[in-house]
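# Summary of the model geometry
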Amino acid sequence: MAGHSDARLVMFGSSVTGFSYRAGTSFDTGGRSDYDLAVVSPKLFAAALKAGAQRRAGDRTKPIGPRSKVAIDLGLNPIVETLNDISGRKVSIMIYRDWTFLTTRGPYRILP
């Protein structure tokens, strides 16, 4: 939708496992849990860094939220805002250079 043809969208975190990695509590215990999304794309990863995204260890960006300069520059803002609106939850995206590091972060689900 944003024009990144090699990108694959992936959900991970407590929305997939059903519990918080850090606290060990069930999804939505103590409040509304957020949705953690990953986009795997070497091209988008390079473009994100060029747009000013901060890099984290493991060849991924820090979370990119709605209305951020990076989300706007990469054409991801409408997607993140729509997901926030329809889910009623905070949605953030991390962009991964490749599958290598993502698969070590725990269970995940590839989205269509």
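That block above? That's the structure.
Residues numbered from 1 in each chain as written. Predicted model: local features only at pLDDT ≥ 70, side-chain atom pairs only at ≥ 80, totals over all residues. Heavy atoms only, no water.

### Structural notes on the environment of Pro-66
Inspection of the secondary structure puts Pro-66 in the loop between strand 4 (60-61) and helix 3 (69-73). Considered as a pair, Pro-66 and Asp-34 are 32 residues apart in the sequence and their alpha carbons are 13 Å apart. (Helix = DSSP H or I, 4+ residues; strand = E, 2+ residues; numbered from the N terminus.)

### Focus: the pattern of salt bridges
Tallied over the entire structure, the rule returns 6 salt bridges. Between Asp-28 and Arg-89 there is a salt bridge, and its shortest N-O distance comes to 2.7 Å. Placement of Asp-28 in the loop between helix 1 (14-17) and strand 2 (35-40) and of Arg-89 in the loop between helix 4 (77-87) and strand 5 (91-96) is noted, with a sequence separation of 61 residues between them. Take Arg-89: its relative accessible area is 11%, and that puts it in the buried class. A salt bridge links Arg-97 to Asp-59; the nearest nitrogen and oxygen atoms lie 2.4 Å apart. Residue Arg-97 is located in the loop between strand 5 and helix 5 (99-102), and its partner Asp-59 is located in the loop between strand 3 (55-56) and strand 4; the two are separated by 38 residues in the primary sequence. When its relative accessible area of 33% is taken as the criterion, Arg-97 is described as partly exposed. (Salt bridge = Lys/Arg side-chain N within 4 Å of Asp/Glu carboxyl O. Buried < 20%, exposed > 50% of the residue type's maximum accessible area, 1.4 Å probe, protein only.)

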